[in-house]
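Chain by chain, the residues run as shown.
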Amino acid sequence: MSQLLSIQELSVCFGHGEGRVTAVRQVSLGLNAGETLALVGESGSGKSVTALSIPQLLPYPYAAHPTGRIHLDGESLLDASRARMQVVRGGELGMIFQEPMTSLNPLHTIEKQIGETLRIHQRLSPAIARDRIVELLEMVRLPEAASRLGAFPHQLSGGQRQRVMIAMAIANSPRLLIADEPTTALDVTIQAEILDLLADLQRRLGMAMLFISHDLGVVRRIADRVAVMKQGEIVEQGSIDTVFNHPTDPYTRLLLDAEPEGRPAAVPAGEPVLETRDLQVWFPRRGGLLKRVVGHLKAVDGIDLSVRPGETLGVVGESGSGKTTLGMALLRLQDGRGAIEYQGQDITRYSNRQLRPLRRELQVVFQDPFGSLSPRMSVGQIIGEGLEVHGIGEGREGREALARDALAEVGLDPALASRFPHELSGGQRQRVAVARAVVLKPRLIVLDEPTSALDRSVQAQLVSLLRTLQARHGLAYIFISHDLKVVRAMSHRMVVMQAGRIVEAGDAEAIFESPADPYTQRLLAAAL
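Attention in this report is confined to the structure presented alongside it. (Residues numbered from 1 in each chain as written. Predicted model: local features only at pLDDT ≥ 70, side-chain atom pairs only at ≥ 80, totals over all residues. Heavy atoms only, no water.)

## Regarding the layout of surface pockets
- Estimates place the volume of the second largest pocket at around 640 Å³.
- Sorting the residues of the lining of the second largest pocket by element identifies strand 7 (93–96), helix 4 (110–122) and helix 6 (158–170) as the ones contributing at least two each.
- Of all the elements, helix 4 adds the most residues to the lining of the second largest pocket, at 8 residues.
- Split into classes, the residues belonging to the lining of the second largest pocket amount to 9 nonpolar, 10 polar and 4 charged. (1 Å grid on protein atoms, 1.4 Å probe; cavity = no way out; pocket = protein on both sides within 12 Å on 5 of 7 lines; lining within 4 Å. Points joined across faces, edges and corners; volume = space filled by probe spheres on them. Helix = DSSP H or I, 4+ residues; strand = E, 2+ residues; numbered from the N terminus. Nonpolar A, V, L, I, M, F, W, Y, C, P; charged D, E, K, R; others polar.)

So, in structure tokens, the structure goes:
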């Protein structure tokens, strides 16, 4: 095999003078044609910065390379002109970014966005480009490809958007594909499909692939070799078998051992804190000239469940199965029909005024803390806002003291109260989101994908924190996730949702050991 990509002693710095920060130090990597090299490490280790240095997508001149060389098929990219790099990007080198919803232009159709790269690099006519776009979408297995050309990104599911990103990346048959966390926020079944798709495309097109991920299970499945990064440096690299089965660096061993593990503590006896009967959330489908209702999307369709103090109920299923809609309906943040009983009281038809005193007892932690924490408020203000709304704490100083106590309880330095969300890591932001919920002393918390964007080591820390808080305060959790390893570590009982309905429910460990429903069996098989 000939070496396609060569990175020698690459360093990356940001800023100037005393504020200069070195993000990558003396990194050396090689990638052969047709090979997959995985770059792994925790958030902030320098994985994405290293990858973005190859197509020169860093914020130059704020970013700089004090040392290093990058060669693609013998050509120096760091010395290439801007015009040459425009040819390389999207042509000889394709890139799949981590979050397709923010990478795709929300104002342009799928046809226009894929067509743009064909127009720039191949100068195809509109008619030929349209045929090529359909061919690409069929290649990435997008259902009903020809009818999707006029769709906008928000009209596609997460997995479909990722397929569009892949189609854009391979449109000009690149020799090197850089995939930056391409499966992070996807369900296990969709994740397995995307990995199979990437492997198939690599074989068919003969591409080399630089695959960036914090999910070691995914890396083991797709990569030939792996390089481990820590604080901007490569600490270990080698074949998958060598690094995973015989790691030599302590940090590599730490990453491999950082899976959420153990089982939740026994649930104390007691009556349910929350119970539902025949819960339904239907969204109208409108059609025709007058936009009359022609049917309904049954997002949640006849759900019965309950959860006791100190218990965690796991909710799993693919995207679109109704998990998040169910969670929002339980908190009365989404209108629905059926019965919702909180501590024996039917709150289904409570007005907003009647619900307000219950809000402090029914809390939520959202999937994306960066999106759910106000960027204009400090951490102390974010945690203290709920205290102020509910009249808890003696004045401003009292609320600030409670906020600092909450930060300490979730394992953060109280001095972070003066920081803003963008100054924190992903794990720290998620702990702030948990602190905002627990400071109100709730009885139940809906946790909506709280670990999906976190590294395995941070996931394990958050799972441990949630268990500690549950034992200390007798909290009930509704734990919504597509990460079955985390669900198994957290849940006493679980329900499996498909198309708005529960297809299997029961003791979590029993379901993991002996799933009865074929859908559950497929879901678990995709995760293993």
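Now that the structure is up, let's keep going.
## A closer look at helix 14 (residues 379–389)
- Of all the positions in helix 14, only Val379, Gly380, Ile382, Ile383, Gly384, Gly386 and Leu387 are classed as buried.
- Considering only its buried residues, helix 14 is in contact with helix 15 (395–409) and helix 16 (426–438). (Buried < 20%, exposed > 50% of the residue type's maximum accessible area, 1.4 Å probe, protein only. Contact = heavy atoms within 4.5 Å.)

## Remarks on the packing of aromatic side chains
- All chains considered together, the criterion is met by 1 aromatic pair.
- On the basis of an interplanar angle of 40° and a centroid distance of 6.2 Å, the ring pair of Phe14 and Tyr62 is categorised as tilted. Of this pair, Phe14 sits in strand 1 (residues 3–14) while Tyr62 sits in the loop between helix 1 (47–53) and strand 4 (63–64), and the two are 48 residues apart along the sequence.
- Tyr62 sits in the partly exposed class, given a relative accessible area of 46%.
- Sitting over the face of the ring of Trp282, Arg337 holds its NZ or CZ atom 5.0 Å from the ring centroid. (Phe/Tyr/Trp six-rings, centres within 6.5 Å; stacked < 30°, edge-to-face > 60°. Lys NZ or Arg CZ within 6 Å of the ring centre and 35° of its normal.)

## Brief notes about the pattern of salt bridges
- By the definition in use, this model includes 20 salt bridges.
- Between Glu35 and Arg225 there is a salt bridge, and its shortest N-O distance comes to 2.7 Å. A residue pair is termed long-range when its members are at least 10 positions apart, and Glu35 in the loop between strand 2 (21–32) and strand 3 (36–40) and Arg225 in strand 10 (residues 225–230) qualify at 190 residues.
- A relative accessible area of 7% means that Glu35 is categorised as buried. (Salt bridge = Lys/Arg side-chain N within 4 Å of Asp/Glu carboxyl O.)

## A look at the packing of helix 7 (residues 188–205) against helix 20 (residues 518–527)
- For the pair helix 7 and helix 20, the least separation of the axes is 8 Å and the interaxial angle reads 50°. Considering their axes alone, helix 7 and helix 20 lie oblique with respect to each other. Relative to helix 20, helix 7 is oriented so that their crossing is left-handed. Contacts between helix 7 and helix 20 involve Val188, Thr189 and Ala192 from the former and Arg522, Leu523, Ala526 and Ala527 from the latter.
- When the residues that make up the contact of helix 7 with helix 20 are grouped by side-chain class, the tally is 5 nonpolar, 1 polar and 1 charged. (Axes fitted to C-alpha atoms, helices over the stretch in contact; angles between N-to-C directions. Parallel < 35°, antiparallel > 145°, perpendicular 65-115°, else oblique. Left-handed = near helix turned anticlockwise from the far one by under 90°.)

## Concerning unusual backbone geometry
- Across the junction of Tyr60 and Pro61, the peptide omega takes the value 5°, indicating a cis bond.
- Relative to the elements of secondary structure, Pro61 occurs in the loop between helix 1 and strand 4.
- Positive phi, normally seen in glycine, also occurs at Arg332, with a value near 60°.
- You can see Arg332 is positioned in the loop between helix 11 (323–330) and strand 15 (337–342).
- For Arg332, a relative accessible area of 16% corresponds to the buried category.
- Positive phi, close to 50°, is recorded for Glu449, a residue that is not glycine.
- As for its placement among the helices and strands, Glu449 is situated in the loop between strand 18 (444–448) and helix 17 (456–473).

## Topic: the sheet that holds strand 7
- If you trace the 6 strands from one edge of the open sheet to the other, you get 7-8-9-3-10-11, paired in mixed fashion. Edge strands, defined here as strands with exactly one partner in the open sheet, are strand 7 and strand 11 (233–239). Taking the axes of each pair of neighbouring strands and ignoring which way they run, one obtains an average angle of 15° across the sheet.
- Contacting strand 7 and strand 8 (176–180), helix 6 runs over the sheet at an angle of about 170° to strand 7.
- Relative to the sheet, helix 7 contacts strand 3, strand 7, strand 8 and strand 9 (208–213), its axis offset from that of strand 9 by approximately 160°. (Pairing = 2+ DSSP bridges.)

Coordinates in, geometry out; function isn't part of it.
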